[in-house]
Amino acid sequence: MKKTYLYLLLLPGLLFLTVFMVVPILLTIGSTFFNKGSFTLAGYWSFFKDPYFLKILWTTLRVSVVTTLLCILVGFPVAYFISKQSPRQKAILLALAIFPLLTSSVVRSFSWMIILGKKGLLNNALIAIGLIKEPLDILYTPAAMMIGLVHLFLPLIIITLVGVLENIDPDLLKAAESLGAGRFTAFVKVIVPLSVPGLIIGSILVFVGSLTAYTTPALLGGKQRVISTFLYQNAITLNDWYLASVIAVIMIVITFVVIALMNKLAVKLNPKG
């Protein structure tokens, strides 16, 4: 009886998700396989044989992967430092890490446009100290998108890593050092494998977020197309909802493939995890 009552509590949420998420996704997927009542793969075939479409897909994957790696490289040391602080300091540092999430991505993107522009703060500073003579073309490039996306999603990977790192017993590191391992070796052999769950979750959040982000690539990328801006262009500007649906399905498939690969990587790096 108690279990039945608990399942009934799940019913409103499940109905909401089914009606407003599962059903629209299934209808979108189904519409890409049928044209005028007959089964077809023409939409996918035309997408993957078009060099322009493939270039957009490659740019999207490259930006997403590099953004994820940069977030790991920057976020891991920060998360490790936060996890070693006292509860009060940890709360303050986590609040500072989360604070950027309270700012609109539009505001952050416009801020980076001011910083990265040809007459922006970065170029002016580099010219003033004599490192460059001509302004660098950073804005409206994949590099600008990566910078904006790292700023956007870095808090996510810090939060997930702190939750894992703070639960690792410090005595394990001391035990490894007492057995002859150096501090760096002990860190790599003990801390990194035990932090794999947080790394995997954080990496998935950052990758999928970067893959599907629209505002930051649209503002910082300029004419550089990624798959999210390409989908918007086809759906809203060109009114080609069929191709937009095909792009959406490809994004869904990429997401599931990445999650599956990440899970396999987690098992390989930490079999006992």
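As a reminder, the structure under discussion sits directly above these lines.
Peer 1: Run through the side chain of Ser 195, naming residues and quoting values.
Peer 2: Within the secondary structure, Ser 195 is located in the loop between helix H9 (183–194) and helix H10 (196–212). Residue Ser 195 is classed as buried on the basis of its relative accessible area of 0%. Beyond its immediate chain neighbours, meaning those up to four positions away, Ser 195 contacts Phe 76, Leu 161, Val 164, Leu 165 and Ile 168.

Peer 1: So what's going on with the layout of surface pockets? Residues and values would help.
Peer 2: A volume near 150 Å³ is recorded for the largest pocket. Lining the largest pocket are Leu 61, Val 65, Thr 68, Leu 69, Ile 72, Ser 203, Phe 207, Val 258 and Met 262. Only helix H3 (51–83), H10 and helix H13 (241–269) provide two or more residues apiece to the lining of the largest pocket. No other element matches H3, which puts five residues into the lining of the largest pocket. Broken down by class, the residue content of the lining of the largest pocket amounts to seven nonpolar, two polar and no charged.

Peer 1: Summarise the nonpolar core; cite the residues concerned and give the values.
Peer 2: Counting residues in each nonpolar core, the largest one holds 28 residues, and the members touching the most others are Ile 157, Ile 158, Leu 161 and Leu 165. At the level of elements, H3, helix H7 (142–165), helix H8 (170–178), H9 and H10 are the ones that each hand at least two residues to this core. A total of 12 residues in this core trace back to one element, the largest contributor, which is H7. In this view, Leu 165 contacts Phe 76, Ala 79, Tyr 80, Ser 83, Ile 191 and Ser 195; residues no more than four positions away in its chain are not counted. The next biggest cluster of nonpolar side chains, apart from the first, holds 23 residues, and it includes Phe 53, Ile 56, Ile 204 and Ile 247.

Peer 1: Lay out H9 with the relevant residues and their values.
Peer 2: Compared with the 16 Å implied by 1.5 Å per residue over 12 residues, the 16 Å span of H9 between its first and last C-alpha is a close match. Buried within H9 are the following residues: Ala 186, Val 190 and Ile 191. Down the axis of H9, the smallest arc covering the buried residues is 85 degrees, so these residues share one side. Turned more than 90 degrees away from the buried face of H9, the exposed residues are Phe 184 and Lys 189. Along its buried surface, H9 packs onto H3, H7 and H8.

Peer 1: Tell me what's going on with the packing of H8 against H9, and back it up with residues and numbers.
Peer 2: Axis separation between H8 and H9 bottoms out at 9 Å; the angle between their running directions is 140 degrees. Taken together, the axis directions place H8 and H9 in an arrangement best described as oblique. As H8 runs across H9, the sense of the crossing is right-handed. Contacts between H8 and H9 pair Leu 172, Leu 173, Ala 176 and Glu 177 from the former with Arg 183, Ala 186, Phe 187, Val 190, Ile 191 and Leu 194 from the latter. Grouping the constituent residues of the contact of H8 with H9 by class yields eight nonpolar, no polar and two charged.

Peer 1: Pulling in residues and values, what's your account of the packing of aromatic side chains?
Peer 2: In total, this model carries 10 aromatic pairs according to the counting rule given. Here Phe 47 and Phe 48 contribute two aromatic rings whose centre-to-centre distance is 5.2 Å and whose plane-to-plane angle is 75 degrees, an arrangement assigned as edge-to-face. By relative accessible area, which is 2% here, Phe 47 ends up buried. When the centroid spacing of 6.1 Å and the interplanar angle of 55 degrees are considered together, the rings of Tyr 52 and Phe 53 count as tilted.

Conventions and cut-offs
Every chain begins its residue count from 1, and numbering advances along the sequence as written. Where totals are concerned, whole chains, interfaces and linings use all residues; where local detail is concerned, this predicted model gives features only for residues with pLDDT of at least 70, and gives and counts side-chain atom pairs only at 80 or more. Just so you know, side-chain values use all the structure's heavy atoms and leave hydrogens and water out. In this text, helices come from DSSP runs of H or I with a minimum length of four residues, and strands from runs of E with a minimum of two, each type numbered from the N-terminal end. Accessibility here uses a 1.4 Å probe with only protein chains present; expressed as a share of the type maximum, an area under 20% marks a residue as buried, one over 50% as exposed, and anything in between as partly exposed. It only takes one pair of heavy atoms within 4.5 Å for two residues to be counted as in contact. Cavities and pockets were defined on a 1 Å grid built over protein atoms only: a cavity is a set of grid points that admits a 1.4 Å probe from which the probe cannot escape, a pocket is an open set flanked by protein on both sides within 12 Å along at least five of seven lines, and lining residues are those with an atom within 4 Å of any such point. Grid points are joined across faces, edges and corners, and a volume is the space filled by probe spheres set on the points. The nonpolar class holds Ala, Val, Leu, Ile, Met, Phe, Trp, Tyr, Cys and Pro. Asp, Glu, Lys and Arg form the charged class, and all remaining residues, Gly among them, are polar. The definition of a nonpolar core used throughout is a set of buried Ala, Val, Leu, Ile, Met, Phe, Trp, Tyr and Cys residues joined through side-chain atoms within 4.5 Å. The length a helix should cover is 1.5 Å for every residue beyond the first. In this description, the arc belongs to the directions extending from the helix axis to the C-beta atoms. Lines fitted to C-alpha atoms define the axes, with helix axes restricted to the stretch in contact, and inter-axis angles between N-to-C directions lie between 0 and 180 degrees. We call two directions roughly parallel when the angle between them is under 35 degrees, roughly antiparallel when it is over 145, roughly perpendicular when it lies between 65 and 115, and oblique otherwise. In this scheme the crossing of two helices becomes right-handed for a clockwise turn of the near helix relative to the far one and left-handed for an anticlockwise turn of less than a right angle. Pairing of aromatic rings covers Phe, Tyr and Trp, the last through its six-membered ring, and needs centres within 6.5 Å; plane angles under 30 degrees mean stacked, over 60 mean edge-to-face, and all others mean tilted.

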